[in-house]
Amino acid sequence: MQDDAATTTMIAAAIADGVTIAESQSISKLLPSLVSSAQSLACPSISNFPVAAVELGTSGHIFVGVNMEFPSLPFHHTIHAEQFLLTNMANNVETHLDSFAVSAAPCGHCRQFLQELRDAPDIQILITSHKNPHFSPLSHFLFHHFGPHDLFPKTVPLLLEPRHNALSLPQNDHFNVLAKEFEILS
Ligand SMILES: [Zn+2]
């Protein structure tokens, strides 16, 4: 992946709006149209199978996720495009996933990963490599789903949602001392 990948995995709302208007197409058509070019950001060093997922956040920004494989590590350390996508969203404080387009059907692991989100069964997924691409809900891909609502009250925060974990910084300057020591060593 290029050094500037962090900036290319998110398209600002204003640009997304501009592209939509310029192309005179709905966002549901725009998302799948971006998947192919987003695949060029993938790092499929082992499988040579690039995957990209593209979604529109509630902020109006468009987010991209791609698969990343690491030749020096076991294959199960691969970051899947859907996982990258959700991490990208979390880093940008996007709290809800409504729909996304992806170049290949989500694997079983990712289907369960997506099930951890709010309103997961209703998340709309379009697979661009299918003969007749169209949006279908996650419940279509994951039967007899089991998720956090089977274990916890619906008020419990889920993935992407803010939560208070009761952690706080110590009152002393321990971290400042460590930071200065790190500056000296680096
Ligand atoms: Zn996956």
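Quick notes on the rules
- Residues numbered from 1 in each chain as written.
- Predicted model: local features only at pLDDT ≥ 70, side-chain atom pairs only at ≥ 80, totals over all residues.
- Helix = DSSP H or I, 4+ residues; strand = E, 2+ residues; numbered from the N terminus.
- Contact = placed C-beta atoms within 7 Å.
- Buried ≥ 20, exposed ≤ 12 C-beta atoms within 10 Å, placed from the backbone.
- Core = buried A, V, L, I, M, F, W, Y, C linked by C-beta atoms within 7 Å.
- Pairing = 2+ DSSP bridges.
- Axes fitted to C-alpha atoms, helices over the stretch in contact; angles between N-to-C directions.
- Arc of directions from axis to C-beta.

1. As for the overall build of the protein
Then comes step 1: A count of helices and strands for the protein gives 7 helices and 6 strands.
Then comes step 2: Each helix and strand of the protein, ordered N terminal to C terminal, gives the series α-β-α-α-β-β-α-β-α-β-β-α-α.
Then comes step 3: Sequence-distant contacts in the protein: of pairs separated by 6 or more residues, those separated by 24 or more amount to 59%.

2. Quick notes on helix α4 (residues 81-91)
Then comes step 1: Among all positions in α4, only Ala81, Glu82, Phe84, Leu85, Leu86, Asn88 and Met89 are buried.
Then comes step 2: The inward-facing, buried residues of α4 contact β1 (10-11), β2 (52-56), β3 (62-66), β4 (99-102) and α5 (108-115).
Then comes step 3: Looking one or two places after α4, you find valine 93, whose phi comes out positive at around 60°.

3. Notes on the nonpolar core
Then comes step 1: Within the largest apolar cluster, 35 residues are counted, with the highest numbers of intra-cluster contacts made by Ala52, Val54, Val66, Ala81, Leu85, Phe100 and Val102.
Then comes step 2: Broken down by secondary-structure element, the contributors of at least two residues to this core are β1, α3 (27-38), β2, β3, α4, β4 and α5.
Then comes step 3: Take this core: its biggest share by element is 5 residues, from α4.
Then comes step 4: If sequence neighbours within four positions are ignored, alanine 52 has contacts with Val35, Ala38, Gln39, Leu41, Ala42, Val64, Val66, Ala81 and Ser103.

4. Here's the deal with the sheet that holds β4
Then comes step 1: Spatial strand order, β1-β3-β2-β4-β5-β6: 6 strands in an open sheet with mixed pairing. What marks the edges here is a single partner per strand, and that holds for β1 and β6 (136-137).
Then comes step 2: By the bridge criterion, 4 bridges tie β4 to strand β5 (residues 124-127) in an arrangement that is parallel. Bridging across to β5, valine 102 finds its partner in isoleucine 127.
Then comes step 3: Most of the contacts of α3 go to β2, to which it runs at about 150°, and overall it touches β2, β3, β4 and β5.
Then comes step 4: Strand contacts of α4: β1, β2, β3 and β4, with the helix running at about 140° to β3, the strand carrying the most contacts.

5. Here we look at α5
Then comes step 1: By the burial criterion, the buried members of α5 are Cys110, Leu114 and Gln115. For α5, the angular spread of the buried residues around the axis is 150°, confining them to a single face. Set apart from the buried face of α5 by more than 90 degrees, the exposed residues are Gly108 and His109.
Then comes step 2: Turning to α5, the residues buried within the fold contact α4 and α6 (138-141).

6. Things to note about the environment of threonine 8
Then comes step 1: Mapped onto the elements of the fold, threonine 8 is located in helix α1 (residues 5-8).
Then comes step 2: Exposure remark for threonine 8: the 14 C-beta atoms within 10 Å place this residue in the partly exposed category.

7. Details of the environment of valine 51
Then comes step 1: You can see valine 51 is positioned in the loop between α3 and β2.
Then comes step 2: The class of valine 51 is buried, set by 27 C-beta atoms lying within 10 Å.
Then comes step 3: Distance in space between the C-alpha atoms of valine 51 and histidine 80 is 7.9 Å, their sequence separation being 29 residues.
Then comes step 4: Discounting chain neighbours no more than four positions away, the residues touching valine 51 are Ala42, Val66, Asn67, Ala81, Val102, Ser103 and Ala104.

8. Here's the deal with the environment of phenylalanine 143
Then comes step 1: Take phenylalanine 143: it is sitting in the loop between α6 and α7 (174-185).
Then comes step 2: Spatially, the C-alpha atom of phenylalanine 143 lies 9.5 Å from that of proline 121, the residues being 22 residues apart in sequence.

9. Let's talk about unusual backbone geometry
Then comes step 1: Of note, asparagine 48 is a non-glycine position whose phi angle comes to about 55°, a positive value.
Then comes step 2: For asparagine 48, the position within the fold is in the loop between α3 and β2.
Then comes step 3: Taking the C-beta count within 10 Å as the criterion, asparagine 48 has 8 such neighbours and is therefore assigned exposed.
Then comes step 4: A positive phi angle, close to 55°, is found at aspartate 119, a residue other than glycine.
Then comes step 5: Examined against the element boundaries, aspartate 119 turns out to sit in the loop between α5 and β5.
Then comes step 6: Using a count of 12 C-beta atoms within 10 Å as the deciding quantity, one classes aspartate 119 as exposed.

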